[in-house]
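Observations on chain architecture
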Amino acid sequence: MKYTFEKAEKSTVKVEITLTASEWKEAIALAYEKTKGRYSMPGFRKGKVPQKVIETAYGEGVFYEEAINQAFPKYYTEVLEKETSIEAVASPELDIKDISAKGITMIAIVPVKPEVVFGAYKGIKFKKNEYNVKDEDVEEELKRLQERNSRMVDVTDRAVADGDSVVIDYSGSVDGVKFEGGTAEKQNLVIGSKTFIPGFEEQVIGMNIGDEKDINVKFPEEYHAEDLKGKDAVFAIKLHEIKKKELPELNDEFIKDAVGAESLETYKKETKERLEKQNADRAERELEDEIVKKITETSDVVIPDALIENQIDRMVQEMEYRLSYQGLKLADYLKYIDKSMEDFRKGYTEQATELVKSQLVIEGIIEREEITATDEDVEARVAEMAKAQGKEAPDLKKNMQARQLDYIKNEIVIKKFFDFLKASNEIE
């Protein structure tokens, strides 16, 4: 094998690989062995037709495509192993320059890790947000706890009020004619939820159990049913049940049962501390995001298209996962929003480009400043994890897979990266 390589445009390297006649012949022989089972000819059992017979019948190049599939990964890998300066970051684009029985010349356009031209990332002023916890914030948390532990109770001694949950029958008509989907029995409705046509829920207020009433409403101009847009309608309704939400009383007994805290005051204190921790974490995340945004904006890098496409692939895949949790398929979702896959992917281009650029800048600074995770750092982190899980550090570590340790190392490096940037810049 002979090869040459040179820098090409847009952070790529052009690698030209030429195989000798014997190397190419070996690749063709491998291709024949892999594909010979596809061929059957008179006088031979299927899979037993000699190579030369197949080439005579179908042409000299019958095995070329598969031979390329056999040869290219092998010799391309050899080139990358020898030339460590070629840091491939995605699969190459392959083109055939010359091919015959005497040999082959293949050209690979290899996306490589681009060089980052850094802007300033030291001595910059940043403002850190501060989020204080107020008494009202703690009270809101207590209200949410009450809501989660509320129960619905029957109401029989009064009329419907805002916020009640009711059970009704209804039958709707336009100009005296009932319309499709306008009739139902024993339907639940929360008054004030605005889930029915505007004006409907307000007219249920004041009704008592057993009451029957006609309600006049007007369908919105933007209603989904074309034949009902802007139409006046009458709904005949009957009220069967009224229920209201009953919240538990906030006291020590409720708090002990609900969350296991010693008292209401103890839980308030714990809640305030938790919210303060959340706010502090939020402020740190926002500061880190702002720092990365600023140093990314002031840096310059030519990103190979393959890196952006790979990032878009991941983003589309994440969208597929999210939709699957809702019982939806991406193809159906695209039909619903009336977009092709091509247009859908284009919508991610800007976001993917910014994300890839920021990742490259972060990696570049980490490399430039020689930020690493030492063995001592890893041991200390594993010890923290072991303590949290009630285990011994050596026992926890010996059961860890290599990818888990890599994750820990990366976590440590990223923390050190942000610690470095915070120490190297002015934070107000």
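Residues numbered from 1 in each chain as written. Predicted model: local features only at pLDDT ≥ 70, side-chain atom pairs only at ≥ 80, totals over all residues. Heavy atoms only, no water.

**Thoughts on the layout of surface pockets**
Taken as a whole, the largest pocket spans an internal volume of roughly 590 Å³. Residue lining of the largest pocket: 24 residues in total, with Val112, Lys113, Pro114, Glu115 and Val116 positioned closest to the centre. For the lining of the largest pocket, the secondary-structure elements that each account for two or more residues are strand S1 (2–8), strand S2 (12–19) and helix H11 (349–368). Partitioning the lining of the largest pocket into residue classes produces 12 nonpolar, 4 polar and 8 charged. (1 Å grid on protein atoms, 1.4 Å probe; cavity = no way out; pocket = protein on both sides within 12 Å on 5 of 7 lines; lining within 4 Å. Points joined across faces, edges and corners; volume = space filled by probe spheres on them. Helix = DSSP H or I, 4+ residues; strand = E, 2+ residues; numbered from the N terminus. Nonpolar A, V, L, I, M, F, W, Y, C, P; charged D, E, K, R; others polar.)

**Comments concerning the nonpolar core**
It is characteristic of soluble globular proteins that their nonpolar side chains tend to be buried jointly. Grouped together as the largest cluster of nonpolar side chains are 33 residues, with contacts concentrated most on Ile295, Ile303, Leu330, Phe344, Tyr348, Leu360 and Phe417. Secondary structure elements with two or more residues in this core: helix H7 (264–297), helix H8 (305–325), helix H9 (330–336), H11 and helix H14 (402–424). Not counting residues within four places of it along the chain, the set of residues in contact with Phe344 comprises Val316, Met319, Leu330, Tyr333, Leu334 and Ile337. (Core = buried A, V, L, I, M, F, W, Y, C linked by side-chain atoms within 4.5 Å. Buried < 20%, exposed > 50% of the residue type's maximum accessible area, 1.4 Å probe, protein only. Contact = heavy atoms within 4.5 Å.)

**Re the environment of Glu226**
With respect to the element layout, Glu226 can be found in the loop between strand S9 (212–218) and strand S10 (232–246). Of the polar contacts made by the side chain of Glu226, one reaches the side chain of Lys229; its length is 3.2 Å. (Polar contact = N/O pair within 3.5 Å; in protein donor to acceptor, adjacent residues only side chain to side chain.)

**Topic: the packing of H7 against H14**
Running from N to C, H7 and H14 cross one another at 75 degrees; their axes reach a closest spacing of 11 Å. Accordingly, the angle class assigned to the pair H7 and H14 is roughly perpendicular. In contact with Glu284, Leu287, Glu288, Ile291, Val292 and Ile295 of H7, H14 contributes Phe417, Phe418, Leu421 and Lys422. In the contact of H7 with H14, the residues fall into 7 nonpolar, no polar and 3 charged. (Axes fitted to C-alpha atoms, helices over the stretch in contact; angles between N-to-C directions. Parallel < 35°, antiparallel > 145°, perpendicular 65-115°, else oblique.)

**Regarding unusual backbone geometry**
Of note in the backbone geometry, Lys194 takes a positive phi value of approximately 60 degrees without being a glycine. The phi dihedral of Asp338 falls on the positive side, at around 55 degrees, and the residue is not glycine. Mapping Asp338 onto the fold places it in the loop between H9 and helix H10 (341–346).

**Observations regarding the pairing of strand S7 (residues 165–174)**
Two faces belong to every sheet, and in a regular strand the side chains alternate between them. Burial runs high along S7: 10 of the 10 residues are buried. Here S7 shows two buried faces, one formed by Ser165, Val167, Asp169, Ser171 and Ser173 and the other by Val166, Ile168, Tyr170, Gly172 and Val174. Looking at chain direction, S7 and strand S8 (residues 177–190) are connected through 8 bridges and run antiparallel. Counterpart to Tyr170 in the pairing with S8 is Ala184. (Pairing = 2+ DSSP bridges.)

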